[in-house]
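Tertiary structure, described
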Amino acid sequence: MAETDANEFLLGAAANGCIEGVKRALEAGADIDFDPLENWSPGNDTSLPPSTALHFACGTGQLDLVRLLLRKGASLVKRSMAACAPLHAAAVNGKTEVVDLLVQHGATVDIRDGFHDTPLMGACHFKHVDTVRRLIELGARPDLTDGYIGQRLGTEAGNQESVKLIQEARRTKLLRCCNPKCGKPGKRKTLKLCAGCKLTRYCSRDCQIQHWSVGHKKCCGHDVCSIEGPDHFQLAKKLHMYVAEQQQGPSDFYINLA
Ligand SMILES: [Zn+2]
Ligand SMILES: [Zn+2]
């Protein structure tokens, strides 16, 4: 199988939830982080998900596929779908179990997308109360509201319950240890800040070492989406063009930036 074919086969298998197909594509040399949107132009084929296989699996809540892709080395920091990380894809679609799994594998809970929003802000915007609750338990900071969505927090109808959870968490002035096996609450000053990303916090050195070894090592330092990169509004526009041109296919996982 040629590499391009293998890449397309990988995405096609992921879109159909076919784990065996994903395995075969990877064996045939597919790039696990292949993103068809990167080289797509209007008028081209739109039959594949406009994201990496991991983003797609996260956004559609396919736990087994997410597990397989992580085991095979899919990147937790690769940006797709207008500069979202896989954790954003899971959070904005309310896939709480996937959120949990990604953090267990070292994902930085407050990773920023191209619009500077954290997964917590995305989950709140899309009214996924359970995901909001879990992200706060996992150590997401309730006060990071400087992103595009975050700045509008509390101004939209329908997500009052999520906003309330965020405001309550903010009032306690407590943050959680970012080792998902721990999650102990503590005052901001008493928790140890990761010197690399300055985003994750831990109650002890042991918790930091544990989270580092399960995967934070690979994520740390890739948590902020650089403004020197591609124009994120242009990327979002491209994603919208892709979705608009798509005749059929899953539509429940796209990020609604309109
Ligand atoms: Zn870090
Ligand atoms: Zn801890």
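In this text the structure is predicted, and so the values were computed from the model without any measurement.

Attention shifts here to the domain arrangement of the protein chain. Accessible area lost during the coming together of the parts is what is often quoted as the interface size. For the protein chain, the assigned domains read domain 1 (1–38 + 46–75) and domain 2 (93–229). When each unit is reduced to the centre of its C-alpha atoms, the spacing between domain 1 and domain 2 is 26 Å. Contact with domain 1, which involves seven residues of that partner, is made by seven residues of domain 2. Elements with a contribution of two residues or more to the side of domain 1 that touches domain 2: α3 (53–59) and α4 (63–71). Considering every element that reaches the side of domain 1 that touches domain 2, the biggest residue donor is α4, with four residues. In the side of domain 1 that touches domain 2, the residues fall into four nonpolar, two polar and one charged.

A separate point is the UniProt feature "domain: MYND-type" (unreviewed entry) in the protein chain. Those residues carrying the UniProt feature "domain: MYND-type" (unreviewed entry) are residues 179–220 in this numbering. With 36% helix and 17% strand, the stretch residues 179–220 has end C-alpha atoms that lie 14 Å from each other.

Residues other than glycine seldom take positive phi values, yet H116 does so here, at roughly 75°. With 20 C-beta atoms packed within 10 Å, H116 lands in the buried category. For K127, which is not glycine, the phi dihedral falls at a positive 65°. Of the residues examined, K127 has 17 C-beta atoms within 10 Å and is grouped as partly exposed.

This paragraph deals with the nonpolar core. Counting residues in each nonpolar core, the largest one holds 66 residues, and the members touching the most others are L10, A14, A53, A57, L102 and L135. Mapping this core onto the domain boundaries places at least three of its residues in each of domain 1 (1–38 + 46–75) and domain 2 (93–229). Residues contacting L135, with those up to four places away along its chain left out, are A91, V99, V109, P119, L120, A123 and A140.

Here we take up helix α2 (residues 19–27). Along α2, the residues that are buried comprise V22, A25 and L26. Down the axis of α2, the buried set is contained in an arc of 100°. They therefore lie on one face. Turned more than 90 degrees off the buried face of α2, the exposed positions are E20 and E27. In the segment just after α2, G29 is the residue with positive phi, at about 100°.

Moving on, we get to the environment of S41. Here S41 is to be found in the loop between α2 and α3. Taking the C-alpha atoms as reference points, S41 and V243, separated by 202 residues in sequence, lie 12 Å from one another.

UniProt's feature table lists "repeat: ANK" (unreviewed entry) at residues 49–81, 82–114 and 115–147, given in the numbering used throughout. The span residues 82–114 is 48% helix and 0% strand, and its two end C-alpha atoms sit 7 Å from each other.

Take the packing of helix α6 (residues 96–104) against helix α8 (residues 129–137) next. Interhelical geometry of α6 versus α8 gives an angle of 20° and a closest axis separation of 9 Å. The angle between α6 and α8 places the two elements in the roughly parallel class. The chirality of how α6 crosses α8 is right-handed. Across the interface between the two elements, T96, V99 and D100 from α6 touch D130, T131, R134 and L135 from α8. Residues that form the contact of α6 with α8 fall into these classes: two nonpolar, two polar and three charged.

The rules behind these values
Per chain, residues are indexed from 1 in the order of the written sequence. Think of it this way: whatever chain is written first is A, whatever ligand is written first is 1, and the rest follow in order. Confidence filtering applies because this is a predicted model: local features only for residues at pLDDT of at least 70, side-chain atom pairs given and counted only at 80 or more, and all residues used for totals across whole chains, interfaces and linings. Boundary definitions for the domains trace back to an automatic or database domain assignment. Residues are scored as being in contact if the C-beta atoms we place from backbone atoms lie within 7 Å. Secondary structure follows DSSP: runs of H or I at least 4 residues long count as helices, runs of E at least 2 residues long count as strands, and numbering of each begins at the N terminus. The classification used treats Ala, Val, Leu, Ile, Met, Phe, Trp, Tyr, Cys and Pro as nonpolar, Asp, Glu, Lys and Arg as charged, and all other residues, Gly among them, as polar. UniProt positions are given in the numbering used here, feature names are shortened, and annotations may be inferred rather than shown by experiment. Three classes are used. A residue is buried when 20 or more other C-beta atoms lie within 10 Å of its own, exposed when 12 or fewer do, and partly exposed in between, with C-beta atoms placed from the backbone. As used throughout, a nonpolar core is a set of buried Ala, Val, Leu, Ile, Met, Phe, Trp, Tyr and Cys residues joined through C-beta atoms within 7 Å of each other. Read the arc as the range of directions from the helix axis to the C-beta atoms. Fitting a line to C-alpha atoms yields each axis, with helices limited to the stretch in contact; the angle taken between N-to-C directions then spans 0 to 180 degrees. Angle categories are assigned with fixed cut-offs, so that under 35 degrees is roughly parallel, over 145 is roughly antiparallel, 65 to 115 is roughly perpendicular, and the rest are oblique. The sense of a crossing depends on the near helix, which, turned anticlockwise from the far helix by less than a right angle, makes the crossing left-handed and, turned clockwise, makes it right-handed.

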